[in-house]
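Coordinate inspection notes
What follows is each chain in one-letter form.
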Amino acid sequence: MELVVRPAFTVHDYYHGRCISTYEIPNSTIYNRDVINYSANDERTRVSIEFTVTYEGDLEQAQRLLERATERIDGVIKGGPPIPLGGTKYPAQPKAFITKFGDHGVHIDLLFWVEKPYLPIEMRSKVHKSIWKKLDDADVEMAYPHTHIIFDETSGRARVAVEQSQGINAGSSPSEQSTAD
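A brief report on the enclosed structure follows. (Residues numbered from 1 in each chain as written. Predicted model: local features only at pLDDT ≥ 70, side-chain atom pairs only at ≥ 80, totals over all residues. Heavy atoms only, no water.)

Ranked by internal contacts, the top residues of the largest apolar core, which has 22 residues, are Leu 66, Leu 110, Phe 112, Val 127 and Ile 131. Contributing elements (two or more residues each) for this core: strand S3 (45-53), helix H2 (59-71), strand S7 (106-114) and helix H3 (120-135). When residues of this core are assigned to their parent elements, the largest contribution, 5 residues, is made by S7. In this structure Phe 112 touches Thr 45, Arg 46, Val 47, Ile 49, Thr 70, Val 76, Pro 94, Met 123 and Val 127, once residues within four positions along its chain are discounted. Core analysis: the next-biggest nonpolar cluster, separate from the first, contains 5 residues, Ile 77, Ile 83, Tyr 90 and Ala 92 among them. (Core = buried A, V, L, I, M, F, W, Y, C linked by side-chain atoms within 4.5 Å. Buried < 20%, exposed > 50% of the residue type's maximum accessible area, 1.4 Å probe, protein only. Helix = DSSP H or I, 4+ residues; strand = E, 2+ residues; numbered from the N terminus. Contact = heavy atoms within 4.5 Å.)

Next up, the structure:
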């Protein structure tokens with residue numbers, strides 16, 4: 001096994017759950033100089049969860065459902081003044097943003113803040129459970145990949161061969177076969 005030591009510390013800057021820039025700080029700089037973490041004074045952590053909803057559902061209702069289901073979770077910040085992070089201020093309340101139109105539905109990023117930085121996985125689980133319960137009463141369905149295969153007069157021809165085996169007559173129905181026995 002080979003141990004690889006990187007000569008730099010990598011910092012990623014995220015916006016809406018996506019990395020928008022990467023910085024490499026040489027280890028010698030970290031070792032020889034003071035490094036100030038400007039976000040360390042605030043324990044709140046932003047969490048992002050991606051969802052895909054079907055095109056047939058009510059998109060605005062989907063956004064409201066995601067936001068309201070998230071607000072009801074203990075430990076999720078429900079509102080208040082914008083939260084500063086770096087040079088940007090982000091809304092404190094949960095927000096659902098449409099990010100793109102995909103193959104199987106509309107992609108929505110749900111962004112919310114949690115009070116404790118060591119609980120994001122637990123909070124994600126609670127948010128998923130809350131949303132799952134709300135889906136029953138809504139005109140919203142989570143999308144999943146599925147494929148429809150359509151054969152019609154424009155599809156061409158498919159040749160199918162059926163072989164006779166074990167005394168079964170090709171072309172007869174199962175009910176005809178049982179009466180023949």
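From this point, the discussion proceeds with the structure in view.
Turning to a nonpolar patch on the surface, a few remarks are in order. On the surface, Tyr 55, Ile 98 and Phe 101 cluster together to form a nonpolar patch covering roughly 340 Å² of accessible area. Along the chain, the position of Tyr 55 falls in the loop between S3 and H2. Exposure remark for Tyr 55: the relative accessible area of 43% places this residue in the partly exposed category. (Patch = residues over 30% accessible without salt bridge, like charges linked within 9 Å, V, L, I, M, F, W, Y side chains within 5 Å. Areas by Shrake-Rupley, 256 points an atom, 1.4 Å probe, with all protein chains shown as cover. Salt bridge = Lys/Arg side-chain N within 4 Å of Asp/Glu carboxyl O.)

A word on a positive patch on the surface. On the surface, a cluster of positive charge is contributed by Arg 64, Arg 68, Arg 72 and Lys 134. You can see Arg 72 is positioned in the loop between H2 and strand S4 (83-85). A residue is classified by how much of its surface remains accessible, and Arg 72, at 54% relative accessible area, is exposed. (Lys, Arg positive; Asp, Glu negative; His and termini not counted. Charge placed at Lys NZ, Arg CZ, Asp CG, Glu CD.)

Let us now look at the pairing of S7. Here S7 lies mainly inside the structure; 9 of its 9 residues are buried. Across 9 bridges, the pairing between S3 and S7 is antiparallel. Residue pairing across strands places Ser 48 opposite Leu 111, the latter belonging to S7. Relative to S7, strand S6 (residues 95-101) runs antiparallel, the two being bridged by 6 bridges. The residue bridging Phe 101 from the neighbouring strand is Val 106, located in S7. (Pairing = 2+ DSSP bridges.)

Next up on the list: the pattern of salt bridges. Side chains bearing opposite charge may pair, as long as their charged atoms lie close to each other. Under the definition given, this model contains 1 salt bridge. For Glu 122, the salt bridge is made with Lys 126, and the minimal N-O distance between the two is 3.3 Å. In this pair, Glu 122 and Lys 126 are both assigned in helix H3, 4 residues apart and thus about one turn of the helix distant.

A word on the sheet that holds S3. The sheet built from 3 strands is open, its strands ordered S3-S7-S6 with antiparallel pairing. At either end of the open sheet lies a strand with only one pairing partner, and these are S3 and S6. The average angle at which neighbouring strand axes cross in this sheet is 25°, direction not considered. Those strands touched by H2 are S3, S6 and S7, and its axis lies near 20° from that of S7. (Axes fitted to C-alpha atoms, helices over the stretch in contact; angles between N-to-C directions.)

Moving on: the packing of aromatic side chains. Summed over the entire model, instances satisfying the criterion amount to 2 aromatic pairs. Taking 6.5 Å as the distance between ring centres and 20° as the angle between the ring planes, the aromatic pair formed by Tyr 55 and Phe 101 counts as stacked. A residue pair is termed long-range when its members are at least 10 positions apart, and Tyr 55 in the loop between S3 and H2 and Phe 101 in strand S6 qualify at 46 residues. Look at Tyr 90 and Trp 113: their rings are 6.3 Å apart centre to centre, the planes differ by 50°, and that puts the pair in the tilted class. In this pair, Tyr 90 is assigned in strand S5 (residues 88-90) and Trp 113 in strand S7, connecting sequence segments 23 residues apart. For Tyr 90, a relative accessible area of 9% corresponds to the buried category. Directly above the aromatic system of Tyr 90 lies the positively charged group of Arg 46, at a separation of 4.4 Å from the ring centroid. (Phe/Tyr/Trp six-rings, centres within 6.5 Å; stacked < 30°, edge-to-face > 60°. Lys NZ or Arg CZ within 6 Å of the ring centre and 35° of its normal.)

It is worth stressing that arrangement in space is one thing and function is another; only the former is reported here.
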